[in-house]
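# A closer look at the structure
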Amino acid sequence: MASRYVVSVTVNGEPRTAQVPARMSLADCLREEWGLTGCHVGCEQGACGACTVLLDGRPVRSCLMLAVQASGAQVTTIEGLADGERLHPVQEAFWECHGLQCGFCTPGMVLTVVHLLEQVPAPTETQIRRALSGNLCMCTGYQNIVRAVGWAAARAAE
């Protein structure tokens with residue numbers, strides 16, 4: 001029997017603990033141990049960005065990170081952004097600007113944008129495209145996604 005390790009993290013403001021195999025990814029832990037299925041697993045090689053979560057406020061590819069490496073960290077998933085019935089401003093922007101296609105890439109895109117806007121409140125289109133360059137949209141909805149980021153930045157500046 002493979003060894004299991006205790007992982008304790010704070011996810012979306014709530015403490016969580018699980019006993020996981022040493023090689024379990026953070027993405028699989030979030031999905032399988034804690035039922036947070038908003039973290040999508042696409043390529044499992046860190047290339048598509050669908051599994052992006054915020055780890056201590058910075059975007060990481062949770063398919064590349066072992067759950068045990070996250071122990072003690074603060075993790076934010078897409079489920080942690082909305083405030084009850086009220087969408088996070090970036091989620092609202094994606095809704096308003098039709099930045100959603102099939103939705104598979106959306107959680108990773110949204111979390112990447114949340115981090116971008118925290119770092120650069122009024123990004124240029126080039127900065128937006130550069131920030132999103134690690135997140136792939138197989139539906140190719142990039143125009144509306146970039147427009148959504150600009151919309152969110154403009155709303156935040158009001």
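Residues numbered from 1 in each chain as written. Predicted model: local features only at pLDDT ≥ 70, side-chain atom pairs only at ≥ 80, totals over all residues. Heavy atoms only, no water.

## Comments concerning helix 3 (residues 106–119)
Where we set the bar: Secondary structure follows DSSP: runs of H or I at least 4 residues long count as helices, runs of E at least 2 residues long count as strands, and numbering of each begins at the N terminus. How far a helix is expected to stretch is found by multiplying one less than its residue total by 1.5 Å. Accessibility here uses a 1.4 Å probe with only protein chains present; expressed as a share of the type maximum, an area under 20% marks a residue as buried, one over 50% as exposed, and anything in between as partly exposed. Contacts are assigned to residue pairs with any non-hydrogen atoms lying within 4.5 Å of each other.
A rise of 1.5 Å per residue sets the reference length of helix 3, with its 14 residues, at 20 Å; its end C-alpha atoms lie 20 Å apart and thus fit the reference within 8%. Among the 14 residues of helix 3, twelve are classified as buried, and the element is accordingly described as predominantly covered. Within helix 3, the full set of buried residues consists of Thr106, Pro107, Gly108, Met109, Val110, Leu111, Thr112, Val113, Val114, His115, Leu116 and Leu117. Residues of helix 3 that are buried sit in contact with strand 3 (52–55), strand 4 (58–61), strand 5 (74–76), helix 2 (89–96), helix 4 (125–131) and helix 5 (142–157).

## Digging into the pairing of strand 4
The test is simple: Each pair of strands is called paired provided DSSP finds at least two bridges between the two strands.
By the bridge criterion, four bridges tie strand 3 to strand 4 in an arrangement that is antiparallel. Counterpart to leucine 55 in the pairing with strand 4 is arginine 58. Adjacent in sequence and paired antiparallel, strand 3 and strand 4 are bridged by two residues, among which aspartate 56 carries a positive phi angle near 50 degrees.

## Let's talk about the pairing of strand 2 (residues 14–21)
As judged from the eight bridges shared by strand 1 (residues 4–11) and strand 2, these two strands associate in the antiparallel manner. Residue pairing across strands places arginine 4 opposite proline 21, the latter belonging to strand 2. Connecting strand 1 to the antiparallel partner strand 2 that follows it, the hairpin turn spans two residues, and asparagine 12 within it adopts a positive phi of roughly 55 degrees.

## Points about unusual backbone geometry
The phi angle of most residues is negative, glycine excepted, and most peptide bonds adopt the trans form. For glutamate 44, which is not glycine, the phi dihedral falls at a positive 60 degrees. With respect to the helices and strands, the residue glutamate 44 is situated in the loop between helix 1 (26–33) and strand 3. For glutamate 44, a relative accessible area of 54% puts it in the exposed group.

## Description of the packing of helix 3 against helix 5
Selection rule: Here an angle of 0 to 180 degrees is reported between the N-to-C directions of two axes, which are lines fitted to C-alpha atoms, with helices fitted over the stretch in contact. By definition, turning the near helix anticlockwise from the far helix through less than a right angle yields a left-handed crossing, and turning it clockwise yields a right-handed one. Lys, Arg, Asp and Glu make up the charged group, whereas Ala, Val, Leu, Ile, Met, Phe, Trp, Tyr, Cys and Pro make up the nonpolar group; the residues left over, Gly among them, are polar.
Two elements in contact, helix 3 and helix 5, have axes separated by 11 Å at closest approach and are oriented at 40 degrees. Between helix 3 and helix 5 lies a crossing of right-handed hand. Taking contact as the criterion, the partners of Met109, Val113, Leu116 and Leu117 in helix 3 are, on helix 5, Tyr142, Ile145, Val149, Ala152 and Ala153. Among the residues making up the contact of helix 3 with helix 5, the classes are represented as nine nonpolar, no polar and no charged.

## Overview of the sheet that holds strand 3
In spatial order, the strands read 2-1-5-3-4; together these five strands make up an open sheet with mixed pairing. Edge strands, defined here as strands with exactly one partner in the open sheet, are strand 2 and strand 4. Taking each pair of neighbouring strands and ignoring which way they run, the sheet shows an average axis angle of 40 degrees. The pairing of strand 1 with strand 5 spans two bridges and is parallel. Opposite valine 11, over in strand 5, you have valine 75 as the bridge partner.

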